[in-house]
Structure formats: structure tokens, C-alpha cells
Amino acid sequence: MTAGTSISDKFYIFAGVLFITALFLIYDLYTSEMYQCPRVRYSSPIAGRTRYKPKINKLFGLKVLDRDIDFDINGSDVIVFLHIQKTGGTTFGKHLVKHLEHRCDCSNKKSKRCDCNRPGTRVGDNNIWLFSRYSTGWSCGLHADWTELKNCVPKVLDDKENNSKKRRYFYVTVLRDPVQRYISEWRHMQRGATWKKARHMCDGRLPSKEELPSCFTGENWLHVPLDEFMNCKYNLANNRQTRMLADLSLVGCYNLSKMPPEERNQAMLQSAKYNLRRLAYFGLTEHQLESQFVFEETFKLKFDVPFEQTNSTNAELASVTPQQYDRIKQLNSLDVKLYEFARTLFFQRIEWMDAKNRNATRE
């Protein structure tokens, strides 16, 4: 090989490498956000908001994160709202009946309930797409939990619609910081409110008085001090969110003698986590706009008003000592773990939905 040929070969090799590099640079430029600026860009509704840093190291899989639900309001799909006390559920429940793009009929001013029938339903007929306090009332009992709703909702709808048919049920709920929720419930009871009419149905029966004694005598627990509120070991405020999301049939319902306390607690917590993962949707009281975003992305239904974040509540204004605060966390240790689990899942789901929308606008 001559010197001239060698130089020529090197030149062609260099030119080839340069050409291939140029192709990669052009491809990178074409697929970059800088190139795509002239296109319609996705504007995240949660942009600029504080990112949550989870305390537990857990990554959820795609089946858990993806909530691209094909909810058919014209078919046989039903949203079931599991309303846990003092989580902001009253506000969320009103959003469902009054502020979705498909509004319920709330024209009857004499009733707190709205008619949530499917589009095109004939006057006088029932064809219900929303099962909640403000649509069907407390048809499965006052603040019915997961155990009660799963065994009650289908029969109630069959009766209301006078039609036994197969439906798809999409369960939704709202969770709240356990300490704040507990304090809010205490303040609620202090004002004389009770939930004595709650049934707590499980495995086809009500709990006995021995299984679920009352924490107070008389009509209410008016002006109850926090320490007295905490000292009642049968207080259903303790770990309320975990209990209401768990399948209580797995732990013998309200019969505490069925299994050791630690075993019962772990079984309830694992059941609540399992059900939470499978819910169509859950929101967090402390993150209203994010919760609205997740709901709208999940059901492809839009609200006509933004959810408002209330930063001052009775719970936050209550005077609680550091010792009482620690005691509340101890009494609600299951809820603390469940809520941390929920927050981690919630924000991972938001990141997944946000990324999915961004990718969709680039296609």
C-alpha cells in the first residue's frame, strides 16, 4: 500500500465518522425539547409545586401506578365513595355531585341529596353512576367502611334501580394526615357530634356491645378532654383509616379475641395497603390540587372549579402538648404507616401521569 493510498483511506474513514456523528447530532436536535418548542407544549397543572420526598424506599410497578380507567358513565360503571370521617370527605363529596362536567341534578332544595343518573335516563327512573352520601345517602350505613360497602352496594343499587345487573365498581376515597385527622375528630366529638348510628356490619352481623363498647355514657361526649378521649381503648378514632380500608373479615371483625393484637394489627395494615393499591382513586387532604389532577386523569372527567387548599383547620388550631402529640402518633401507628405508604404511591402516580402526558404531546 502506498503512502498516498493510506492517506486517502484515512480521509474517507474520517469523513465517514464525521457524517455518522452529524446524523446523531441532527437526530438529538430533532427529538430534544429545544427543537420541539414551536409545537404545542404540555403544561403540567402541578408544575412548580413542592416534590414529596418519601420516607419509605418503595417503587411501585406500572400496574399500580397506571390509572387510565375507561369509566363509562353511559354504561354500567359506578363510582363508590368510601367516606372516612374528618378527611375532608364532605367537600370532596360535594365536588362529585356539583362540580363535575356531568352534573347531578341538585335542584330539589328540600333534600341534601342529588339525583346522579346517567345521561338520557327517563324521568322517574333510577340509573345511578355515583354511590355517595350526597347521591344515594348513607344507604349502607353511616360512614360505611370497605367491608360494609363491598357487601352492600350491589344489593342497594339493585333495589334502587329495580334491576339486578352486572356493574363495574370504582372505589374512591380521601386520606388525611393521621394526627391532624385524629385531633379533628376529637374536636368534633367535643362539640357534641357522634356517629352512634354507624352500623359496623361485618360478616352479616353487627358487633355486640361486648365487642364494641361505647366510650361514653349518655347522648354524646360533649367537652371531652383530649386525654380522656385518648384513654378509651375502644375509641374507633384510633387507626380509623386503616380499619375502614381493611377487609375486617380477615381479622374476625370486631372480635378482638380471634387473634393476638400484633398479628391483628399487621393483618389489618396489609389488607388496607392492598385495598388502597386497588382503589380506582384516592386523594390526600393536604394536597388538593394534586388530588384533583389525579382524579381528572383517572376518570377523564373534569371539575369546573379548582380544589381549594385550607391551611387553617380546627385540628391545626387545637392546643396539643408535645406529649399528647406523641401519644396520638402511638395510638395511630397503623394509620401513620398507611399514610406514608399512601403518600409515596400518590406522588409516584402523579409523576407517572405527568410524564405520560408529556410524552403524549411529543408524539
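Everything below is about the structure shown above.
Here, residues in each chain are numbered from 1, in the same order as that chain's written sequence. Per-residue local features are limited, in this predicted model, to residues with pLDDT of at least 70; the limit for side-chain atom pairs, both in listing and counting, is 80 or more; totals at the level of whole chains, interfaces and linings are taken over all residues. Excluded from the side-chain calculations are hydrogens and water; all other atoms, namely the structure's heavy atoms, are used.

## Some details on the state of the cysteines
- By convention in this document, the label disulfide applies to cysteine sulfur atom pairs within 2.5 Å. Summed over all chains, the structure comprises five disulfides.
- For C106, the disulfide goes to C114, at an S-S distance of 2.0 Å. Looking down the S-S bond of the C106 and C114 bridge, the torsion is 110 degrees, so its handedness is right-handed.
- Here the disulfide map of the chain reads 1-4, 2-3, 5-6, 7-10, 8-9, the bonded cysteines being numbered as they appear in the sequence.

## Focus: the pattern of salt bridges
- Salt-bridge detection follows one rule: a side-chain nitrogen of Lys or Arg within 4 Å of a carboxyl oxygen of Asp or Glu. Under the definition given, this model contains 15 salt bridges.
- Ionic pairing is found between R122 and D125, a salt bridge with its closest N-O pair at 3.0 Å.
- Burial status follows relative accessibility: with a 1.4 Å probe on protein chains alone, a residue under 20% of its type maximum counts as buried, one over 50% as exposed, and anything between as partly exposed. For R122, a relative accessible area of 64% gives the class exposed.
- Among the ionic contacts, a cluster of salt bridges with common partners joins D158, E161, K165 and R167.

## Comments concerning the sheet that holds strand β3 (residues 168–175)
- Pairing between strands is defined by DSSP: at least two bridges between the two strands are required. The secondary structure listing takes helices from DSSP runs of H or I that are at least 4 residues long and strands from runs of E that are at least 2 residues long, numbered from the N terminus. Strand order in the open sheet made by the four strands is β2-β1-β3-β4, with parallel pairing throughout. In this open sheet, the two strands that pair with only one neighbour each are β2 (130–131) and β4 (281–284).
- In this sheet, β2 lies alongside strand β1 (residues 77–82) in parallel orientation, the contact comprising two bridges. Looking at the pairing, V80 lines up with F131 of β2.

## Re the packing of helix α9 (residues 261–278) against helix α13 (residues 333–362)
- Axes here refer to lines fitted to C-alpha atoms; in helices the fit is confined to the stretch in contact. Angles between the N-to-C directions go from 0 to 180 degrees. Interaxial distance between α9 and α13 falls to 10 Å at its minimum, and their mutual angle equals 20 degrees. Relative to α13, the element α9 is oriented roughly parallel. Seen from above, α9 lies across α13 with right-handed handedness. Side by side, α9 and α13 meet where N265, Q266, M268, L269, A272, K273, L276 and R277 of the first sit next to L334, K337, L338, F341, A342, L345 and R349 of the second.
- In the contact of α9 with α13, the residues fall into nine nonpolar, two polar and four charged. Small angles under 35 degrees read as roughly parallel and large ones over 145 as roughly antiparallel, with 65 to 115 read as roughly perpendicular and the rest as oblique. Take the far helix as the reference: if the near one is turned anticlockwise from it by less than a right angle, the crossing is left-handed, and if turned clockwise, right-handed. Whether two residues are in contact is decided by their heavy atoms: any pair within 4.5 Å suffices. All residues other than Ala, Val, Leu, Ile, Met, Phe, Trp, Tyr, Cys, Pro, Asp, Glu, Lys and Arg, Gly among them, are scored as polar; the first ten of these are nonpolar and the last four charged.

## A few points about the packing of aromatic side chains
- Planes of paired rings set the category: under 30 degrees apart is stacked, over 60 is edge-to-face and the rest tilted, where pairs are Phe, Tyr or Trp rings (Trp by its six-membered ring) whose centres lie within 6.5 Å. Scanning all chains against the criterion turns up 17 aromatic pairs.
- With a centroid separation of 6.0 Å and an interplanar angle of 75 degrees, the aromatic rings of F92 and F295 are classed as edge-to-face. Of this pair, F92 sits in helix α4 (residues 89–98) while F295 sits in helix α10 (residues 288–299), placing them 203 residues apart in sequence.
- Taking relative accessible area as the criterion, F92 reaches 5% and is therefore assigned buried.
- Owing to a relative accessible area of 0%, F295 belongs among the buried residues under this scheme.

## Some points on a positive patch on the surface
- Together, K94, K98, K109 and K112 make up a region of like positive charge exposed at the surface.
- Take K98: it is sitting in helix α4.
- Here K98 falls in the partly exposed class, since its relative accessible area comes to 41%. Like-charged residues are merged into a patch within 9 Å and nonpolar side chains (Val, Leu, Ile, Met, Phe, Trp, Tyr) within 5 Å, provided each residue has over 30% relative accessible area and no salt bridge. We get accessible surface area from the Shrake-Rupley algorithm with a probe of 1.4 Å; when it comes to residues, only the shown protein chains can shield them. Only four residue types enter the tally: Lys and Arg on the positive side, Asp and Glu on the negative side; His and the chain ends are excluded. Here the site of a charge means atom NZ of a Lys, CZ of an Arg, CG of an Asp or CD of a Glu.

## A few points about the packing of helix α6 (residues 178–190) against helix α12 (residues 322–331)
- For the pair α6 and α12, the least separation of the axes is 10 Å and the interaxial angle reads 105 degrees. As far as their axial angle goes, α12 and α6 are roughly perpendicular. Of α12, the residues touching α6 (which contributes V179, Y182 and I183) are Y325, I328, K329 and L331.

Structural measurements only, silent on function.
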